[in-house]
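Chain and residue survey
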Amino acid sequence: MDKVIGIDLGTFNSCVAVVENGTPVVVANRGGYKVTPSMVAVTEGGKRLVGHIAKRQAVTNAENTVYAAKRLIGRKFNSPQVESTAKNAPYTILPGPNGDCRIKLRDKLYSIPEVSAMILQEMKMIAEDYLGHEVQKAVVTVPAYFNDGQRQATKDAGQISGLDVIRIINEPTAAALAYGFGKNIDRTVAVYDLGGGTFDISILEISSNGVFKVISTAGDTFLGGEDFDQRIIEWLVEGFLEEHGIDLRRDRMALQRLKDAAEKAKCELSSVVETEVNLPFIISSARNEALHLERLLTRSQLEELTRDLADRTIEICEMTLREAGLERDEIEDVILVGGMTRMPAIQRVVSEFFEREPCKGVHPDEVVGLGASIQGAALVAEDGEMDMVLLDVTPHTLGIMVVGGYFEELIPQNTTVPTARSKPFTTVRDNQTAVKILVLQGESRRAEENELLGEFVLTGLRRAPAGEVEVDVTFEINADGIVSVHARDIETGKEQSITVTATSGLTKDEVAAMMDHAQEYAVARRSDEASEKAKQEAETLIAEIEGLFPEVQAVVAGSDFGRDAIEKARAVVARARELMERGDSAALTEQIDALNRTRRMFKGVVGKSA
Ligand code: AMP
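Residues numbered from 1 in each chain as written. Predicted model: local features only at pLDDT ≥ 70, side-chain atom pairs only at ≥ 80, totals over all residues. Heavy atoms only, no water.

Around the ligand sit Asn 13, Gly 195, Gly 196, Gly 225, Glu 263, Lys 266, Cys 267, Ser 270, Gly 338, Gly 339, Met 340 and Arg 342, and those are all the residues in its vicinity. Take Arg 342: an N or O atom from its side chain is 3.2 Å from a nitrogen atom of the ligand. If one sorts the elements of the shell around the ligand by residue count, helix α7 (residues 252-268) sits on top with three residues. Taken together, the residues that form the shell around the ligand break down as two nonpolar, seven polar and three charged. Counting contributing residues per domain, the shell around the ligand is built from domain 1 (4-224 + 309-392) and domain 2 (225-307), each supplying no fewer than three. (Near = heavy atom within 4 Å. Polar contact = N/O pair within 3.5 Å; in protein donor to acceptor, adjacent residues only side chain to side chain. Helix = DSSP H or I, 4+ residues; strand = E, 2+ residues; numbered from the N terminus. Nonpolar A, V, L, I, M, F, W, Y, C, P; charged D, E, K, R; others polar. Domains from an automatic or database assignment.)

The following block contains the structure:
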């Protein structure tokens, strides 16, 4: 049976898990870490770096290192969220051809799904290295509050990376799956998920028969750890400005160092009550003197700087409970997810609000990936093997624009998905052959305040007097939370063709071209790895052979045969060195056989003499 991997594609860190013998396990990367930074960089030499190696060089190559691409995925270039990210990001964000965003790394522009695909590809390889075989299928998680465009773009990322994303699931739902899987419990739980970039809250009912039903969900895709870091950065920058009259925001390198220092201080303050931010040589003064930044930050100061952010999450919790029609005391367990829930102030506001201590048994960084792998395994399991049903909801209301610029609701928020609603449309003019429908997602009564998913144009309608052609349009949300639209002429039963204009995201052709690219990279990366391995093996063998030369010489130098053997051995080593230098890994792999033979022969000689 196909293995399905579960990927938590996080704003700052990603995690991959797989179910083995009925138990979900997180797969560590080669460095031994269970989470991999969601960072991508391109070096001066054009080499792509992903994960820890990208993070390590972020300060010195800030302009060509992308982090938090998830904040941009599925968003339009001219949205306020992109504008605010562009203001703080050391990398350059430019408008794309579909109203989307592109990121400039060195001399190339990358779409956001392409950047996310690089991270997915890395997670795929981590899983493959562990499993020892290729994997194709994956379940990828997204914030519950992601809209259609963001989900679609995540799916595109999966496709570009060469993965078949068999399901997209919501992060808090995945966390609840990992929490409740195999426990046989009946419980109403709240999942509070505060990560690096997004906040989600979901209320679920877990039944002992394996049904995980989401009752309501809400969130903010622009509220997370980075906003906490930003508050510390602003505080440091303002202090520095006051003291030295220099705005550190103007220096990209200084800004990147500040970012790292702010995050570090924030994390430290989860376990200690004060910490010193120390950044020597942060910038030069007008008189060319090196200036240092040194400031003490206390936990209570941090809490003061970020109080409104913590409070905002609680307001959203309140709203979600109301939507679920539940009182706080009906929540029987609170599950904390996301790195930010390690902050004591967050744990405090959550326990105060729900009037109970959050559950301790889940690992906030790993639980989403684990849940995704459980869902993956369940989707390909044989009947009866894994009895589990996941019923999620749509986080946003789906509707259309009607006369006057109003938003007509078709599928309300928190409706269980998959779901479909139909609506009849009639022609308003004689011989009208096309109808344009604007599909939107959001909670505002005014259409323009909601997210435009696409323009659907019904074409090829029958020519008839006004009002005679009735078309039934079906709006569907699938289990991934992705919207599609179909139309049918009621009288003739004929399916109508629909043209969808992408309002953001990528066209099919673009995705196909990007897939080819990603595939080339995967091959190059694998062959890089193979050549690195061959080089290391050859180096070890050469060192061993060279170490044996004096002893072998002492034993065999007296005979012509011995001198000959030594000559030959030197030639084998010299040839291996030459191939290493040339980077000819295919020939080097063959030469390794010769090195091995020489080593065996040398060992034999030395062994005889011993
Ligand atoms: P996630 O998206 O779940 O990986 O969460 C990452 C966020 O959690 C980042 O903003 C981190 O700075 C933050 N984080 C990680 N560890 C801690 C900690 N010990 N205290 C406070 N925040 C943390």
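Here the structure, examined in full by the defined rule, presents five aromatic pairs. Look at Phe 12 and Tyr 67: their rings are 6.4 Å apart centre to centre, the planes differ by 25°, and that puts the pair in the stacked class. Linking Phe 12 in the loop between β1 (4-9) and β2 (13-20) with Tyr 67 in the loop between β7 (65-66) and α2 (80-88), this pair joins segments that are 55 residues apart in sequence. Of the residues examined, Phe 12 reaches a relative accessible area of 21% and is grouped as partly exposed. Residue Tyr 67 is classed as buried on the basis of its relative accessible area, which comes to 4%. Considering the side-chain rings of Phe 549 and Phe 602, the 5.3 Å spacing of their centres and the 75° angle between planes classify their relative orientation as edge-to-face. (Phe/Tyr/Trp six-rings, centres within 6.5 Å; stacked < 30°, edge-to-face > 60°. Buried < 20%, exposed > 50% of the residue type's maximum accessible area, 1.4 Å probe, protein only.)

To continue, consider the pairing of strand β18 (residues 333-337). Most of β18 sits inside the fold, with five of its five residues counted as buried. Of the two faces of β18, the one lined by Asp 333, Ile 335 and Val 337 and the one lined by Val 334 and Leu 336 are each fully buried.

This brings us to the pairing of strand β15 (residues 211-220). Taken across its ten residues, β15 has seven buried, putting it largely inside the fold. Relative to strand β19 (residues 389-393), β15 runs parallel, the two sharing three bridges. In the sheet register, Lys 213 faces β19, and the bridge partner there is Leu 391. (Pairing = 2+ DSSP bridges.)

So, on to the domain arrangement of the chain. Each assigned domain of the chain is listed with its residue range as follows: domain 1 (4-224 + 309-392), domain 2 (225-307), domain 3 (394-499) and domain 4 (534-609). The straight-line distance from the C-alpha centre of domain 1 to that of domain 3 is 31 Å. The interface is formed by 20 residues belonging to domain 1 together with 17 residues belonging to domain 3. Summing both partners gives a buried area of about 1,600 Å² for domain 1 against domain 3, and 43% of it is carried by carbon and sulfur. Counting the surface domain 1 buries against domain 3, the share from its top three residues, Tyr 145, Asp 148 and Asp 392, is 32%. One can count three salt bridges joining domain 1 with domain 3. Applying the counting rule to domain 1 against domain 3 returns ten residue pairs in polar contact (both at pLDDT 80 or more). If you list the elements that add at least two residues to the side of domain 1 that touches domain 3, you get α4 (148-160), β12 (164-170), β15 and β19. The element best represented in the side of domain 1 that touches domain 3 is α4, accounting for five residues. Class assignment for the residues of the side of domain 1 that touches domain 3 results in seven nonpolar, five polar and eight charged. (Contact = heavy atoms within 4.5 Å. Buried area = accessible area lost by both parts, 1.4 Å probe. Salt bridge = Lys/Arg side-chain N within 4 Å of Asp/Glu carboxyl O.)

So, on to a negative patch on the surface. A contiguous patch of negative charge on the surface is contributed by Asp 186, Glu 327, Asp 329, Glu 330, Glu 332 and Glu 355. Along the polypeptide, Glu 332 turns up in the loop between α8 (299-324) and β18. Taking the relative accessible area as the measure of exposure, Glu 332 reaches 39% and is therefore partly exposed. (Patch = residues over 30% accessible without salt bridge, like charges linked within 9 Å, V, L, I, M, F, W, Y side chains within 5 Å. Areas by Shrake-Rupley, 256 points an atom, 1.4 Å probe, with all protein chains shown as cover. Lys, Arg positive; Asp, Glu negative; His and termini not counted. Charge placed at Lys NZ, Arg CZ, Asp CG, Glu CD.)

Here the focus is unusual backbone geometry. For the bond from Val 417 to Pro 418, the omega torsion is 0°, close enough to zero to count as cis. Looking at where Pro 418 falls in the secondary structure, it is placed in the loop between β22 (416-417) and β23 (419-426). Phi at Ala 68 is positive, roughly 55°, even though this residue is not glycine. For Ala 68, the location among the structural elements is in the loop between β7 and α2. For Asn 431, which is not glycine, the phi dihedral falls at a positive 55°.

Below, the discussion takes up helix α3 (residues 112-131). Taking 1.5 Å per residue as the helical rise, α3 with its 20 residues ought to reach 28 Å, and the 29 Å between its terminal C-alpha atoms agrees with that figure. By the criterion of burial, α3 is predominantly enclosed, with 18 of the 20 residues buried. Within two residues after α3, Gly 132 carries a phi angle of roughly 80°, on the positive side. (Expected span 1.5 Å × (residues − 1).)

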